[in-house]
Amino acid sequence: MATGTNKLPDWEIESIYPDFNDKKFTDHIQKMNDFKDAFQKHLGQGPGAADDALWLEKSIDLINNISIYGHNLEAYTYMRYSTNTRDASALKMLGQLEKMRIPVNDTLIQFRNILKDIDLQACFKKSNSLATFEFFLNEEKELQAHQMDPELENLAADLLQTGGNSWSKLHSAISSTASIEFRGEKKTVTELRNMAHDPDRAVRKEAWEKELQIWEREKTPLSFALNGIKGASISLNARRGYNSPFELSVFQSRISEKTLKALISAMEKNLPIFRKYMDAKAKLLGLEKLSFYDLFAPVDSQPEEFSWDKTKAFVTEQFTKFSQDLGDFAKHAFDKNWVDAAPKEGKTGGAYCIGLPLNKETRVFANFGGTFDDLSTIAHEFGHAYHGWVLKDYPYLHTDYPMTLAETASIFCETIVFDGALQSSSNKISILEHFLMSSNQVITDILSRYYFESSVFEKRAEEELSAEEFSSLMLDAQDKTYGEAMDKDERHKYMWAVKGHYYSTQLAFYNYPYAFGQLFALALFQQFKKIGPSFAETYVQILADTGKFSAIELTKRAGFDIESESFWQEGLDYIAERVDEFVAEVDKAAK
Ligand SMILES: [Zn+2]
């Protein structure tokens with residue numbers, strides 16, 4: 001591992017809770033249960049003849065408290081589990097906390113049914129503090145309008161454990177354990193997919209072929225799982241009165257269908273930019289066209305290494321260039337050991353940022369390997385962490401924001417660091433490739449996933465689909481997005497088996513929020529370049545309001561119209577400029 005002489009830090013979590021059996025942890029469980037019981041009692045009494053506004057104020061207070069304790073306990077438990085998946089006590093506690101959530105959901109359903117008959121505007125006139133929760137309360141009313149009878153909602157939640165969630169577990173069980181022999185050694189899907197980064201094309205191709213063989217073998221159970229999950233979503237959506245899966249998805253993203261249409265249409269129109277990038281990358285690799293297994297191929301045989309100390313210094317320095325506050329935050333988080341950086345035995349893969357609302361702190365989980373990609377991941381997660389920092393003194397219900405806006409905050413910080421690296425690096429081609437490879441995933445590949453999922457919803461409403469039909473829809477989607485830039489015979493028809501997101505029972509169209517986040521972040525970054533340091537204030541205000549308004553309202557306040565295609569074009573223009581720079585660098589290298 002290229003981490004130099006610096007030891008990678010483990011995060012500090014003792015101060016959150018020493019352990020599960022410690023008094024602080026058990027006290028907090030008790031407190032959460034007490035608040036839940038109090039809420040149940042409060043609901044039982046109902047507003048009655050009393051003042052609606054007062055009753056609502058107390059409701060908000062109780063929901064805030066239940067949520068904040070629940071969140072803190074679950075976050076700590078998940079942190080313990082993900083750094084050591086063999087920690088049996090953490091696994092057991094996760095199960096217990098999950099169970100405790102079911103009665104909380106039941107109380108929320110009851111709450112919404114009472115809320116339905118309350119005149120909110122009249123209450124807001126009486127209570128200023130209540131008025132700050134207008135967005136939350138309206139959203140709860142909207143949810144109520146799409147709620148089945150309480151007994152049916154309870155049955156649906158119950159059956160989810162044995163229905164949808166089981167299908168989803170089947171998918172993770174198959175994809176985490178299925179393996180095949182590769183050059184004399186057993187390799188899992190994850191190991192084979194990681195070989196997509198290998199500099200040797202023969203290795204990448206063989207790994208891709210072996211991976212396809214695994215999916216060919218496993219396609220039948222996976223196709224039944226996907227039919228089950230999408231079928232259940234369609235039935236539940238219909239019973240809850242959603243006209244289409246999009247209606248639910250845009251509600252969860254706090255945008256409108258018009259916003260989604262504008263975003264998708266801008267992505268479609270800009271596909272030629274990405275094809276231009278892919279053609280240049282093919283040229284750089286000495287190929288006529290890219291195959292699916294070339295998408296992640298490295299273009300640099302000696303990439304720059306980043307030690308932990310260098311990473312800390314670089315991230316802090318770049319963040320400070322944006323604002324002193326962001327730089328100070330990064331320094332604080334590094335100094336206080338908020339990052340678990342080292343990959344280790346038993347630790348899960350990937351990276352995440354998690355909030356601890358009672359402590360007003362966050363922690364960042366990573367598997368740092370010493371490349372620029374790893375540094376960029378730290379910047380991304382710190383973007384989430386800074387968002388949490390800005391919101392730390394707000395009531396819990398004002399800190400709940402959708403994925404679209406969450407990913408804007410993270411990708412914005414990633415962009416600060418990328419742009420800084422691009423200015424200072426002597427190896428421009430490598431830094432540009434890092435950015436464009438990931439943008440190509442976020443725009444081109446995510447668009448293919450969007451097409452695929454849309455057509456699955458449409459066809460599944462009529463009948464069950466076979467594995468072959470899923471594959472053919474996936475190839476059609478890749479055809480529309482990658483088009484001429486990718487070899488027709490060397491695509492990936494089993495991407496529907498790979499991505500766990502399709503198997504989520506709660507969220508459909510999991511992917512476009514990343515495209516939203518990237519393009520919104522780039523548009524904000526363009527503003528920063530135009531306006532300079534004073535933009536930091538606008539940025540912080542946007543973050544501070546993410547839990548209080550819809551994404552449309554929030555961005556309108558900052559002067560943007562996300563329902564218009566031209567807004568999205570701004571972010572795409574930033575990518576187009578980087579593609580031109582990349583093409584010029586490739587031409588230079590060819591000479
Ligand atoms: Zn993120």
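Look up: the structure comes first, before these words.
What counts, and where the lines are drawn
- Each chain carries its own residue numbering, running from 1 in the written order of its sequence.
- Thresholds applied to this predicted model are a pLDDT of at least 70 for local features of residues and 80 or more for the giving and counting of side-chain atom pairs; totals over whole chains, interfaces and linings are not thresholded and use all residues.
- Processing note: side-chain calculations cover all non-hydrogen atoms of the structure and skip hydrogens and water entirely.
- We define a salt bridge as a side-chain nitrogen of Lys or Arg found within 4 Å of a carboxyl oxygen belonging to Asp or Glu.
- Elements are defined by DSSP. Helices are runs of H or I of four residues or more, strands are runs of E of two residues or more, and each kind is numbered from the N terminus.
- To sort residues, take the accessible area from a 1.4 Å probe on protein chains only and compare it with the maximum for the residue type: under 20% means buried, over 50% means exposed, and anything in between is partly exposed.
- Pairing between two strands is assigned when DSSP locates at least 2 bridges connecting them.
- Two residues qualify as a contact provided that any one of their heavy atoms is within 4.5 Å of a heavy atom in the partner residue.
- Every axis corresponds to a line fitted to the C-alpha atoms, with the helix fit spanning only the stretch in contact, and the corresponding angles, defined between N-to-C directions, vary from 0 to 180 degrees.
- Water is not part of the atom set, so a site may look incomplete; the donors themselves are N, O and S atoms within 2.8 Å of the metal, or 3.2 Å for Na, K and Ca.
- Geometry assignment treats four donors as tetrahedral when all angles are between 85 and 135 degrees, treats four as square planar and six as octahedral when opposite donors are over 155 degrees apart and all others between 65 and 115, and treats everything else as irregular.

(A) Local environment of the pattern of salt bridges. Under the definition given, this model contains 44 salt bridges. Close ionic contact of E211 with R193 constitutes a salt bridge, the shortest N to O distance being 3.0 Å. One end of the pair, E211, is in helix α10 (residues 201–239); the other, R193, is in helix α9 (residues 189–194), with 18 residues separating them in the sequence. With a relative accessible area of 4%, E211 lands in the buried category. Each of D10, D340, K344 and K347 takes part in salt bridges that share partners, so that together they form one network.

(B) Expanded view of the sheet that holds strand β3 (residues 339–340). One open sheet holds the three strands; their spatial order is β3-β5-β4, and the pairing between them is mixed. Edge positions in the open sheet fall to β3 and β4 (352–356), since each of these has one partner strand only. As paired strands, β4 and strand β5 (residues 361–365) are joined by five bridges and run antiparallel to one another. Note that in β5 the partner of I354 across the bridge is R363. Along the sheet face, helix α2 (residues 52–83) touches β3, β4 and β5 and points at about 145° away from the line of β4.

(C) Looking closely at the coordination of the zinc ion. Taken together, the protein donors to the zinc ion comprise H380 (NE2), H384 (NE2), E407 (OE) and E407 (OE), at separations of 2.1 to 2.7 Å. Of note is the zinc ion, whose four donor atoms meet at the metal with angles of 51 to 142° in an arrangement that counts as irregular. Donor residues for the zinc ion, ordered by position in the chain, follow H-x3-H-x22-E. Taken together, the positions of H380 in helix α16 (residues 372–390) and E407 in helix α17 (residues 403–424) put the pair 27 residues apart, joining distant regions of the chain. Each member of the pair, H380 as well as E407, is classed as buried.

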